[in-house]
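Per-entry structural report
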Amino acid sequence: MEHQNSNPQVRPDNTTQQKRSSLTENTVSHQSTNVKRRRFLAAGIAGVTGLGILGSTSNAAAAGKHTLVIEGTGDRTNYSFTVDGNLSGEDLTSEDDINGSSAHGAVAPGQDVYRFDGSLHAFTYDGASVAVKLDGDWAHVGQRPDYVLTITGTGSYASYAFDVTDNLQPHYGITSEDNISGTHAEGAVRNGTDAYLLNGDLEAFSFKGEIAVKQNGQWAHVGQLPESTSGSDDNNNGTSDLRLGYNARKRSHNKGTAFENFGDFSAGWESREGRVEQNSTDFSDPSDDAGCATLISDGNNDRVEMVNRLDSENFAYRDPSMAVRLRGTSNETLRVELAAGDGSEYQVTTRYLSEKHGWVRIGLGPSTWSGTPDLADINELSISCYTGGKSCEIDIDDIRTTPKRDNGAVLFVFDDGNESDYTVAYDMMSDRGMAGSSAVIPRVVGNSGKLSQSQIDEMDSNGWSWPSHPQRGSPSGGLGSIPADEAEQEMRDNKQWVLDNTSGRGANTLVWPFGDFNEDSMNIAGEYYDLSFGGGASTANGIVTEASWIPRVNTDSVENSLEALEQAYKTETVCVLMAHGLGGSRLPESDFRRLLDKAEQRNLDVLTTAEFAAEQS
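Nothing here was measured: the structure is a model prediction, and the numbers come from that model. (Residues numbered from 1 in each chain as written. Predicted model: local features only at pLDDT ≥ 70, side-chain atom pairs only at ≥ 80, totals over all residues. Heavy atoms only, no water.)

Side note on the overall build of the protein chain
The test is simple: For helices the rule is a DSSP run of H or I covering at least 4 residues; for strands it is a run of E covering at least 2, with both sets numbered from the N terminus onward. When a residue's accessible area, from a 1.4 Å probe over protein chains only, is under 20% of the maximum for its type it is buried; when over 50% it is exposed; and in between it is partly exposed. It only takes one pair of heavy atoms within 4.5 Å for two residues to be counted as in contact. Where accessible areas are quoted, they stem from the Shrake-Rupley method and a 1.4 Å probe; at the residue level, only the protein chains shown are allowed to cover.
If you tally the helices and strands in the protein chain, you get 11 helices and 38 strands. When each of the 617 residues of the protein chain is scored for burial, the buried share is 56%. Taking contacts inside the protein chain between residues at least 6 apart in sequence as the whole, the part at least 24 apart equals 76%. Accessible surface computed for the protein chain: about 23400 Å², of which carbon and sulfur atoms make up 43%.

Looking at the sheet that holds strand E2 (residues 77-83)
Basically, it comes down to this: Only strands joined by at least two bridges in the DSSP assignment are considered to pair. Between N-to-C directions, angles span 0 to 180 degrees; the directions come from axes that are lines fitted to C-alpha atoms, helices contributing only their stretch in contact.
One open sheet accounts for 4 strands, arranged E4-E5-E2-E7; its pairing is antiparallel. Strands with a single pairing partner mark the edges of an open sheet, and in this sheet they are strand E4 (97-99) and strand E7 (120-125). Here the average twist between neighbouring strands, direction ignored, is 15 degrees. As judged from the 3 bridges shared by E4 and strand E5 (residues 102-107), these two strands associate in the antiparallel manner. Bridged to Asn 99 within E5 is Ser 102.

Observations concerning helix H7 (residues 484-501)
Operational definition: How far a helix is expected to stretch is found by multiplying one less than its residue total by 1.5 Å.
Here H7 contains 18 residues, and its C-alpha end-to-end distance of 26 Å stays within 8% of the 26 Å for a straight helix at 1.5 Å per residue. Along its buried surface, H7 packs onto strand E32 (437-440), helix H6 (453-460) and helix H8 (519-528).

Details of the nonpolar core
This is how it is decided: In this text, buried Ala, Val, Leu, Ile, Met, Phe, Trp, Tyr and Cys residues form a nonpolar core when linked through side-chain atoms within 4.5 Å.
Core analysis: the largest hydrophobic core is formed by 44 residues, its most contacted members being Met 306, Met 322, Val 324, Leu 334, Ile 383, Ile 396 and Trp 512. Judged by nonpolar contacts, the second largest core, of 37 residues, contains Val 410, Met 459, Trp 497 and Val 498.

A closer look at the sheet that holds strand E33 (residues 509-511)
Spatial ordering of the open sheet is given by E33-E34-E35, a layout of 3 strands whose pairing is parallel. Looking along the sheet, the strands with just one partner apiece sit at the ends: E33 and strand E35 (550-551). The pairing of E33 with strand E34 (residues 531-534) spans 3 bridges and is parallel. From the neighbouring strand, Thr 509 faces E34, where its bridge partner is Leu 531.

Digging into unusual backbone geometry
A negative phi angle is the norm for most residues apart from glycine, just as the trans form is the norm for most peptide bonds. In this model, Asp 135 sits at a positive phi of 55 degrees, which is unusual for a non-glycine residue. Looking at where Asp 135 falls in the secondary structure, it is placed in the loop between strand E8 (130-134) and strand E9 (137-138). Positive phi, close to 50 degrees, is recorded for Asn 216, a residue that is not glycine. By the element assignment, Asn 216 lies in the loop between strand E17 (211-215) and strand E18 (218-219). When its relative accessible area of 1% is taken as the criterion, Asn 216 is described as buried.

A closer look at the packing of helix H9 (residues 558-571) against helix H10 (residues 589-601)
The criterion, for reference: Every angle not falling under 35 degrees, over 145, or within 65 to 115 is termed oblique; those three ranges are roughly parallel, roughly antiparallel and roughly perpendicular. Three categories are distinguished: nonpolar for Ala, Val, Leu, Ile, Met, Phe, Trp, Tyr, Cys and Pro, charged for Asp, Glu, Lys and Arg, and polar for the others, with Gly belonging to the last.
Closest axis-to-axis distance for the H9/H10 pair is 10 Å, and the angle between their directions is 10 degrees. In terms of axis orientation, H9 runs roughly parallel to H10. Seen from H9, the contacting residues are Val 558, Glu 559, Ser 561, Leu 562, Leu 565 and Glu 566; seen from H10, they are Asp 591, Arg 594, Leu 595, Lys 598 and Ala 599. Here the contact of H9 with H10 is composed, by residue class, of 5 nonpolar, 1 polar and 5 charged.

With respect to the confidence of the model for the protein chain
In low-pLDDT regions, the fine details of the predicted coordinates are not to be read closely. What counts here: For every residue, the predictor states its confidence as a pLDDT score lying anywhere from 0 to 100.
On average, residues of the protein chain carry a pLDDT of 84, and 85% of them reach 70 or more. Note on residues 1-64: pLDDT under 50 across the span, and 172 contacts to partners over four residues away in sequence or across chains. Across residues 231-240, where pLDDT falls below 50, the model places 21 contacts with residues more than four positions away in sequence or in other chains.

Re the pairing of strand E15 (residues 193-198)
Of all the 6 residues making up E15, 5 are buried; the element is thus mostly covered by neighbouring parts of the structure. Sheet topology note: the strand E10 (residues 147-153)/E15 ladder contains 6 bridges and is antiparallel. Bridge pairing in E15 places Thr 150 opposite Ala 195. With 4 bridges joining them, strand E12 (residues 168-172) and E15 adopt antiparallel strand pairing. Within the sheet, the bridge partner assigned to Pro 170 lies in E15 and is Tyr 196.

A look at H9
For H9, built from 14 residues, the straight-helix expectation of 20 Å at 1.5 Å per residue is met to within 8% by its first-to-last C-alpha distance of 20 Å. Burial analysis of H9 places 11 of its 14 residues in the buried class, the great majority of the element. Taken together, the buried positions of H9 are occupied by Val 558, Ser 561, Leu 562, Ala 564, Leu 565, Glu 566, Gln 567, Ala 568, Tyr 569, Lys 570 and Thr 571. Phi turns positive, to about 55 degrees, at Glu 572, one or two residues after H9.

Below, the structure is given as structure tokens:
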């Protein structure tokens, strides 16, 4: 097993940290007035990659370090750009975000300052109230492309074709398999990246295989575009393809560093109650052929437990997760305990498991604590289940760790599109500069006690997200209780509604109706959604290793919810709070105010589902 270096324990109560906020592709509203699209000359493309043509070379430039100043001279202006080399920012706000070698943000009167190595390749903005200087001279952004479009292969082979509305030029990675004809391109990519420079809009996109497509570092969501500009863009029952272009679930399973794969079963594991055996069956994604451990109840045990005594393992700056599978009974509750010191102080994760889930990964965010365990000095890991004398088997495999967030976070997610999402949550959160997420049921929009379209529009213009919530009209259960093809159609119909009736912010996220899903529906969700939220009663890891099941905490118990916010703060994890209406007995306004106060007191990042999904890219 991997041994982490020693680090301090979880953050003490008196430590403060600057709140930060992630900005996604839809956080900044795109104004429809006074928009000026710049055009760049095809003849000037060669000069785009060299600053000496489109901007003079100052002493800073000669040293290989450049300063880009974006100054707002009037109304708010949104912008994005891409460079090569390192990119950092100064004097930025929560509306500005750096993603690798790209940045996007907004500026009003005032300025944003960035420093980078290499060249400025693309720059786009809306509005006309902006002045851009590079190393003290005008940056001539009107002569540069709007976007760098990157197409990265995430499988063995993928082909693609796309159209843009204006100039299109090669940037890097283009081979003999790729061809540009005017504003149309076709190509293929394997494990590398094809990059293009373009102006205007990405108008159509089709592909076969697994790819990731970004414009200036932001997801292009090509699955939501028509396949061509010829008018024959219908696909799958007459709608444009709504798939992501990759399987988010499979992608999430590969994240992190292996901690225990159970290949050497003699390395410290033993049964405390029941039996534990090595099994040749392996968690298949990714498969390492090492087998797994199986915790067994023969029907004679009220409880089964397996334990490993560790050598002061450090989880202070790494979040653990593991793969589990329940067999032989319909459902059970798993308990995972990380104990420090003499064992009297420990962190507990509990998770409801169902046999119909198949293999699933669970993050080991805290559900409860005893004392204040030092996560930098964990000396025992136990996995147990109270079976009540039932026979069952629980397969355990692929314990992994991922880096923690820099700060704890909270998501406020409201189910079913109740009118109180607007009259209470939106009102109270707006006063604090926060945005939430409303999982609307499309068929009830405009009904008494539910959100109206005008209310959705106002909330949408102020940064709210709209995760899909495909709840059927008849009481037939959730997506895990209906045939797979019906579940997929429900997802498609709901996602299409979100795209047609909102900005689309959060359309790539899902809230499972009734918390009901099975192995088939989880795999299908991975094709359409970057993140899917369900039950779980614990905080989530900052880097998700199971995209189709993010745990949520039910606000019906405000005391449990307050404790979950405290746990998110101390362990730098993510608390996803679930509410079904506000102002009634389930969550009175006064209790909701307590949750908002707690989030502010602990300086938690307040994210929408769209923002949390963007952090996973």
